[in-house]
Protein chains: 2
Amino acid sequence: PVSPSLDFALATVFVSDAQYNRNIHFDSSPQAVRLYLLYNHWAFKVLLYFFIMVNLSLAIFEEPAVFLLPLWATMLVELLCLIVFTARLVHYAKVIPPVKFWKDPKNICIIAVLTLTLVDMIIYGSLEAAKIYCVRWSRVLRPLLLVNVTEGRQLRRAFRSIRNALPQIFYVFLLFMFSLLVFSLMALKLLGKRNLKNIEGYPYFTDYLEIVFQLYVLVTTANSPDVMMPAYNAGSLFTIFFILYILINTYIFMSVFLAVVYNSYKKYLKEEIRQLVRAKRYKMARAFDVLQEQKEGCSQPVLTQASWNHIVRQVRPDITDAHRDLLWSVCDDKNQGVIGKVAFVQLADLLNIEVITLKSRPHPLQNLFPTIYLSAPSRLICRLVQHRGFVIAFDLIILVNAVFIGLDEENPLISNSEWGFLALYMLEILLKLYVFEPRSFFSRHSFWNWFDTLIVLSALIATIINSALKSSAGYTSRQILDIVFVLRVLRLIRVVDSIKRFRIIINTLIRIGPAILTFGQLIVVVYYVFAIVGMELFKNKVKFFDNSTHPEHAYCGNPLLKGHSFAQLGYCKNNFNNVVSSFILLVELTVVNQCDGFASVTHVSARIFFVLFHIVVVIVIINIFVAFVLEAFFVEYSVDKSQLQTSLEKKIEELELAVAQEKVDDNLVNAMETIVNDLTTGQATKPNLMFKIASKRYRTVDALLQRMFEADIDPEDFAEIDESQARSFENPVFDTVLWRG
Amino acid sequence: PVSPSLDFALATVFVSDAQYNRNIHFDSSPQAVRLYLLYNHWAFKVLLYFFIMVNLSLAIFEEPAVFLLPLWATMLVELLCLIVFTARLVHYAKVIPPVKFWKDPKNICIIAVLTLTLVDMIIYGSLEAAKIYCVRWSRVLRPLLLVNVTEGRQLRRAFRSIRNALPQIFYVFLLFMFSLLVFSLMALKLLGKRNLKNIEGYPYFTDYLEIVFQLYVLVTTANSPDVMMPAYNAGSLFTIFFILYILINTYIFMSVFLAVVYNSYKKYLKEEIRQLVRAKRYKMARAFDVLQEQKEGCSQPVLTQASWNHIVRQVRPDITDAHRDLLWSVCDDKNQGVIGKVAFVQLADLLNIEVITLKSRPHPLQNLFPTIYLSAPSRLICRLVQHRGFVIAFDLIILVNAVFIGLDEENPLISNSEWGFLALYMLEILLKLYVFEPRSFFSRHSFWNWFDTLIVLSALIATIINSALKSSAGYTSRQILDIVFVLRVLRLIRVVDSIKRFRIIINTLIRIGPAILTFGQLIVVVYYVFAIVGMELFKNKVKFFDNSTHPEHAYCGNPLLKGHSFAQLGYCKNNFNNVVSSFILLVELTVVNQCDGFASVTHVSARIFFVLFHIVVVIVIINIFVAFVLEAFFVEYSVDKSQLQTSLEKKIEELELAVAQEKVDDNLVNAMETIVNDLTTGQATKPNLMFKIASKRYRTVDALLQRMFEADIDPEDFAEIDESQARSFENPVFDTVLWRG
């Protein structure tokens, strides 16, 4: 009853969802599919992220504000954001069946947040109009939209990891608290009656709750060794108490927290990845069901190459015909012209493997001036530039440059030498462009070439502007000078790429970069909540005066801080007076928890806020972050050492070998062009084409995670399908891969 | 040519070595074997440890001393120690072949240390006699003796782990230093010219080396947020620099250090354990070769039960005949009366499994007064005490007691209530002794019963002494009161045992206890070296005055510290003036690295000492410690969750089941006596005997380590033998274990 083009549209959506691991169970009616395609359109997603950013950044303009805007302006913008989110939600509701929509806690959460925000806005607006003080409490809910409205799978997964680890963490935390309380009681009994004074002259360890708090802070190491000095001065034996405390609570318990978090993290992530893989296979199987044909001579339904080509062209319009032929040859390894379900299901993973199309191509100068370019001096230059000594020479120049940067730049000799270095760096880039094919030099994968060129060019422009300003207007712009300095120093980073040992570590760090961004979002969500609460609790309690001669400067504008170490150490700018300074303060609190100033200006119970922050950020989130870095490095180490290959990589490994051999035969490696997604190249020159797998690169965080846990996933789990498709099919094995010329 | 008794002696030594994982390749001549047995005698080992302790503790009595002894006294004691160590070494040299002796770097190290110490003593003694100042530099070498002279396998293994991890750590450290240097350069260029001042009024970030040091300290979080406050006050944008720095260097690099250390630790430890297992099998095979007999009807040489019994009796004279019969039945599973090499090799592991002999025995009171003990009221008491409510009631009493402890004990009501609580605790213990068989109650494995009784009895004695002193002499001894308080608070720990979730965590912590002691030794070795060097560098630069009215008290006796934060914060007692305060200071430095005071009183370069300490202790040793705790917890989690059993435990599992069933039949569990190593019990009452495996306990750290990595050791590796015995034999499988009645 449905037209073939609609069939193809549906299949395309399934394959595309499988490829990008989207997990939306949309209605398969033609209209819903069309709406669904619109829902996934990049423009809508960008718009959504934009409005979430706008909504979050409203905190900058609301009281207490960095730049105060009138209430009606921020309210209006917030209303606009709410409308956009509602529209997005309605769109989503149209795409999936109503039952599924109301079952998903995510949607309930969004609706609740939107309603609550609206209610709060109305209450706040009317009370404000009546000049009654009230709190915009719904601002705390804003980050929930970042978590739930977007397709932020990584972020939601991180939250789920944390939620799943919580029971385990909770029991260890109880034991930790018990240990803390027992130690505090002992401290009270041992030290409370000795009439000791701390350095500020107050009684030392006489109040139980104060001791509990001080010992908790000792776990964060923030008040070490101050907290033990009065006891140590009274008698050396008391240090045994503190050393035992530090050993048990700071070292052992904190390690146990890491162990518990790491263990749950691994366990639940593995389970999630397994479900992801199952869902992917299910979607591919549904796509196959839509497209399958019954051919004579085949007992099973099959897919023709034409349909397959059509689908791949729809899903990935950017890949070349040759690349598509390569993929087909991998699927149809027996060269039958049709493939079964088993081979088709692999397509989602195949499409995620980044294949680089290599094409041998001579240097453009060789085409233009062949005699000159191939002359003896020109060849000498090429050999020189390709020599290892060339790299070493420029590394040495960079090191000399580092010394010159360190010296005083007001010395004319030093400041003029900068021109020399810039010239040398320009020369290096030009020489490399002379020797290597330009398009290959600036290929998408040549990170360091791009880095070099951008840094050197920007430094050149900034230096020229700077000296133009200096000679014409006679003054130096501090901002431009700062940029010049930063660019100069960044240039030095280049050195690490020359040393192989460093490159491995750096590459691992770059590879876990996207995942670190997920943790960045997580941190932003938590920080935002704490910043909003903190601003309500502590705003304008501590003030910073730019002018240090201001009479209130010495005590941060709050008489309660007179003589307090908080004011004495000049921490006045560490305050909750606006969202930016709150964020900076929260970063400081993450590193070292110091909050006595805020307890002094408000109430002792304010410490609860800071302890809570420490528990959430340091004990939970930082530990999850450390667990992630550990796991990523272990994967890297085991891959680098044992040459362990994932099943996906293995499949194409043989092809890569074939390419490598061809390369050796052609001996054209240096003149090779790397084109990715080159649509314009004619396909007539096929023998010059080669394929290379960017095996060490992973497009998505999911792929990295999948690789992290793939070894642990039972291979039989691949075979299981979630719902209606209970039929199991084998995991295809690609023992022999044919090369179609 | 050798007599059978000598054969047995040699075999015994091999088996015993295999059991305790001793790795000494002794000469197999009768005399060497006799010497070797003497070498392993516990008295000699205790003596050796005693002299090592004496040698190390000489630092307390040498200048700068806690208790100064004359030079001749310490010199004489040290000479005595050297003689003892030399004697031990000579003894060792007689035991093993000379070639092996000179090949072992351990022995070379000992000889070098002994020689150097002697030379240093002579030089120092003569220079001191001539009143010329000189340094006793050889004291730094003393901890090397702790590492090398003793059979401190764990300690040497920890050192080897560290040595093996060093290359990896080194490359990451270089990259970290590069990052530090680049960030420092950027800080110099961005902030150096802005004429900023830090809180003490000195120029801020103008000197490159100073910046490098400050940023290094920021990694330890010791100077956060002070180091960034001047820049933050000048402009909020500068915090981006610091936040990036903290993210990269404090969080990412420190996690990478942990990952690298953890990875190497696991890898090399696994290799060591594999070699240990191989060496063990080799020794067992040699023991078999000595004892083997050729029986008719057997193609392979075998061992008779008589020889086997003889050997086991020699190696473990403490186990009962029934236990030995059990072990034999495990080895000789086909009931042939003889066993082959394969079964014999298992013996070393079998002996290491702790088997508890259970024997049903009525309560002694039941024997004495059967009518009273079995009367209805007595039975009611038994039921009450065994009820879960009894435990809960006493947990509540403990919690009430905790509140009372927290209240002011000078209130007579509170201080008298203590007698009530003590009476309740005594009642609890007496009731339990009434209900449970006393020997079972105080069995070796009932940790908490021992703990309770000891704490309550000591508290009772201390409280009685205290009140006796108070009523007779009219004064309260502070020391006795302290002991009373500590005991009272320790009693509270009892509560955790009642909650199952806590018990799992606590048991894991108790189980990794011995291994933590190894790290304790490691820390002592490193601290000792740094303490000795620190004392030479900084002794008497900073002085502490007990009397706070002393004129020099305010600046720690050093005018250079006038107005310095070190003196202002009252850190004067943190000094290197003797070995005890040095150790306490080093603990503080491990937690938070603060050393500006010492750089001020000596030279800026003194900071190198503190940075070096941080690198060695925090980056290397603490990370190895964390890695160990992580690994131990993962093993616990996987064992607790998946019921994964090691191959050794599995073998006896079926037997344990048999015991458990028997238990259920007899229904005598509560009246059961747990006897370990009960030699006096007649063996006639066999049917009452039961065996239980203390499967969760590991006698040696080696066993825990072996269990940690056993899953990863290739089972085929068990088969390989190091040296001459290249013949491989199968790993025995004990599918069916017969019970010999």
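Residues numbered from 1 in each chain as written. Chains lettered and ligands numbered in written order. Predicted model: local features only at pLDDT ≥ 70, side-chain atom pairs only at ≥ 80, totals over all residues. Heavy atoms only, no water.

Per an unreviewed UniProt entry, chain A goes by Two pore segment channel 3 and derives from Nothobranchius furzeri. You can read under Subcellular location (unreviewed entry) in the UniProt record for chain A the words "Membrane". (UniProt positions renumbered as here; feature names shortened; annotations may be inferred.)

Here we look at the overall build of chain A
Each helix and strand counted, chain A has 31 helices and five strands in total. Across the 741 residues in chain A, those meeting the buried criterion constitute 52%. A separation of at least 24 residues holds for 75% of the contacts in chain A among residues at least 6 apart in sequence. (Helix = DSSP H or I, 4+ residues; strand = E, 2+ residues; numbered from the N terminus. Buried < 20%, exposed > 50% of the residue type's maximum accessible area, 1.4 Å probe, protein only. Contact = heavy atoms within 4.5 Å.)

Quick word on the interface of chain B and chain A
Listed per partner, the contact involves 85 residues of chain B and 85 residues of chain A. Buried area between chain B and chain A, both sides added, is near 8,300 Å², and the carbon and sulfur share of it is 72%. At the boundary of chain B and chain A, one finds two salt bridges. D482 of chain B is the salt-bridge partner of R194 of chain A, the closest N and O atoms lying 2.4 Å from each other. The set of elements that each furnish at least two residues to the side of chain B that touches chain A consists of helix 8 (153-191), helix 10 (229-234), helix 11 (238-291), helix 19 (388-406), helix 23 (478-492), helix 24 (500-511), helix 27 (579-591) and helix 29 (607-642) of chain B. (Buried area = accessible area lost by both parts, 1.4 Å probe. Salt bridge = Lys/Arg side-chain N within 4 Å of Asp/Glu carboxyl O.)

Thoughts on the packing of helix 8 of chain B against helix 11 of chain B
As a packed pair, helix 8 of chain B and helix 11 of chain B sit with axes 7 Å apart at the nearest point and diverge in direction by 170°. Accordingly, the angle class assigned to the pair helix 8 of chain B and helix 11 of chain B is roughly antiparallel. (Axes fitted to C-alpha atoms, helices over the stretch in contact; angles between N-to-C directions. Parallel < 35°, antiparallel > 145°, perpendicular 65-115°, else oblique.)

Quick look at the relation of the copies chain B and chain A
Structural alignment of chain B on chain A gives an RMSD of 0.1 Å, achieved by rotating through 180° and translating 0.0 Å along the axis. Expressed as a symmetry operation, the mapping of one chain copy onto the other fits a two-fold axis. For chain B, the smallest separation between a C-alpha atom and the rotation axis is recorded for A222 of chain B, amounting to 3.8 Å. Taken as a fraction of all interface residues of chain B, those also at the interface in chain A reach 100%, which identifies the copy contact as same-surface. (Least-squares fit on C-alpha atoms with pLDDT ≥ 70 in both.)

A short note on helix 13 (residues 321-331) of chain B
In terms of burial, helix 13 of chain B is a largely internal element, nine of the eleven residues being buried. By the burial criterion, the buried members of helix 13 of chain B are A322, H323, R324, L326, L327, W328, S329, V330 and C331 of chain B.

Description of the packing of aromatic side chains
Residue and element names in this part refer to chain A. The full count for this structure, using the stated rule, is 84 aromatic pairs over all chains. Members of the aromatic cluster, joined through ring pairs, are Y527, F530, F538, F566, Y571, F576, F583, F598, F609, F610 and F613. The cationic tip of R491 hangs over the ring face of Y425; the distance from NZ or CZ to the ring centre is 3.9 Å. In this arrangement the basic side chain of K562 is found over the ring face of Y555, its NZ or CZ atom lying 4.7 Å from the centre. (Phe/Tyr/Trp six-rings, centres within 6.5 Å; stacked < 30°, edge-to-face > 60°. Lys NZ or Arg CZ within 6 Å of the ring centre and 35° of its normal.)

Some words on the state of the cysteines
Residues and elements named next belong to chain B. Here the structure, examined in full by the defined rule, presents two disulfides over all chains. In this model, C556 is linked to C572 through a disulfide, with the two sulfur atoms separated by 2.0 Å. On the sign convention where negative means left-handed, the S-S torsion of about -70° between C556 and C572 marks this disulfide as left-handed. Placement of C556 in the loop between helix 25 (513-538) and helix 26 (565-568) and of C572 in the loop between helix 26 and helix 27 is noted, with a sequence separation of 16 residues between them. Exposure remark for C572: the relative accessible area of 5% places this residue in the buried category. (Disulfide = S-S within 2.5 Å.)

Concerning the environment of V496 of chain A
Relative to the assigned elements, V496 of chain A resides in the loop between helix 23 (478-492) and helix 24 (500-511). V496 of chain A sits in the buried class, given a relative accessible area of 3%. When the C-alpha atoms of V496 of chain A and I506 of chain A are compared, they prove to be 8.3 Å apart, with ten residues separating the residues in sequence. Sequence-distant contacts of V496 of chain A, that is, excluding residues within four places in its chain, are made with W448, F502, R503 and I506 of chain A together with L175 and F178 of chain B.

Some remarks on the confidence of the model for chain A
Residues and elements named next belong to chain A. Across chain A, pLDDT averages 79, with 83% of residues at or above 70. Per-element averaging of pLDDT across chain A places strand 4 (residues 672-675) at the bottom with 36 and helix 4 (residues 71-95) at the top with 92. Counting interchain partners and residues more than four positions distant, the pLDDT-below-50 stretch residues 640-648 has 14 contacts. Within the model, pLDDT remains below 50 along residues 657-688, and this stretch shows 61 contacts once partners closer than five positions in the same chain are excluded. (pLDDT = per-residue confidence, 0-100.)

Regarding the pattern of salt bridges
Residue and element names in this part refer to chain B. For the structure on display, the rule yields 28 salt bridges over all chains. In this structure, the salt-bridge partner of E62 is R142, at a minimum N-O distance of 2.8 Å. Here R142 lies in helix 7 (residues 142-148) and E62 lies in the loop between helix 3 (42-57) and helix 4 (71-95), a separation of 80 residues in the sequence. There is no split in this pair, since E62 and R142 are both buried. Note that D289 is salt-bridged to K341, the shortest N-O span being 3.6 Å.

Quick notes on the side chain of K283 of chain B
Residues and elements named next belong to chain B. Counting through the fold element by element, K283 comes out in helix 11. One buried charge, K283, has no salt-bridge partner; the nearest side chain with opposite charge is D17, at 5.5 Å. Residues contacting K283, with those up to four places away along its chain left out, are F14, D17, A18, N21, R22 and N23. (Lys, Arg positive; Asp, Glu negative; His and termini not counted.)

Focus on the packing of helix 8 (residues 153-191) of chain A against helix 25 (residues 513-538) of chain A
Residue and element names in this part refer to chain A. Look at helix 8 against helix 25: their axes get within 9 Å of each other, and the N-to-C directions meet at 70°. Considered as vectors, helix 8 and helix 25 are oriented roughly perpendicular to each other. Regarding helix 8 and helix 25, the two cross each other, and that crossing is right-handed. Taken together, the residues of helix 25 that come into contact with helix 8 (itself represented by Q154, L155, A158, F159 and I162) are T518, Q521, L522 and V525. The residue inventory of the contact of helix 8 with helix 25, partitioned by class, reads six nonpolar, three polar and no charged. (Left-handed = near helix turned anticlockwise from the far one by under 90°. Nonpolar A, V, L, I, M, F, W, Y, C, P; charged D, E, K, R; others polar.)

Quick look at a nonpolar patch on the surface
On the surface, L79, I83, L118 and I122 of chain A cluster together into a nonpolar patch covering about 360 Å² of accessible area. Those elements giving two or more residues to the nonpolar patch turn out to be helix 4 and helix 6 (105-129) of chain A. (Patch = residues over 30% accessible without salt bridge, like charges linked within 9 Å, V, L, I, M, F, W, Y side chains within 5 Å. Areas by Shrake-Rupley, 256 points an atom, 1.4 Å probe, with all protein chains shown as cover.)

Some details on unusual backbone geometry
Here the amide bond leading from E63 of chain A into P64 of chain A is cis, since omega sits at -5°, within 30 degrees of zero. Turning to its location among the elements, P64 of chain A is positioned in the loop between helix 3 (42-57) and helix 4. Cis geometry marks the peptide bond from S224 of chain B to P225 of chain B; its omega dihedral reads 0°. Examined against the element boundaries, P225 of chain B turns out to sit in the loop between helix 9 (208-219) and helix 10.

With respect to the environment of Q300 of chain B
Residues and elements named next belong to chain B. Following the sequence through the fold, Q300 ends up in the loop between helix 11 and strand 1 (303-304). On the basis of relative accessible area, Q300 is assigned to the exposed category, the value being 51%. A sequence separation of 39 residues divides Q300 from I339, and the C-alpha atoms of the two residues are 9.9 Å apart.

Looking at helix 24 of chain B
Here helix 24 of chain B contains twelve residues, and its C-alpha end-to-end distance of 16 Å stays within 8% of the 16 Å for a straight helix at 1.5 Å per residue. Residues F502, I505, I506, T508, L509 and R511 of chain B constitute the buried set of helix 24 of chain B. (Expected span 1.5 Å × (residues − 1).)

Quick notes on the side chain of N578 of chain B
Here N578 of chain B is to be found in the loop between helix 26 and helix 27. At 2.9 Å, the side chain of N578 of chain B forms a polar contact with the backbone nitrogen of S581 of chain B. (Polar contact = N/O pair within 3.5 Å; in protein donor to acceptor, adjacent residues only side chain to side chain.)

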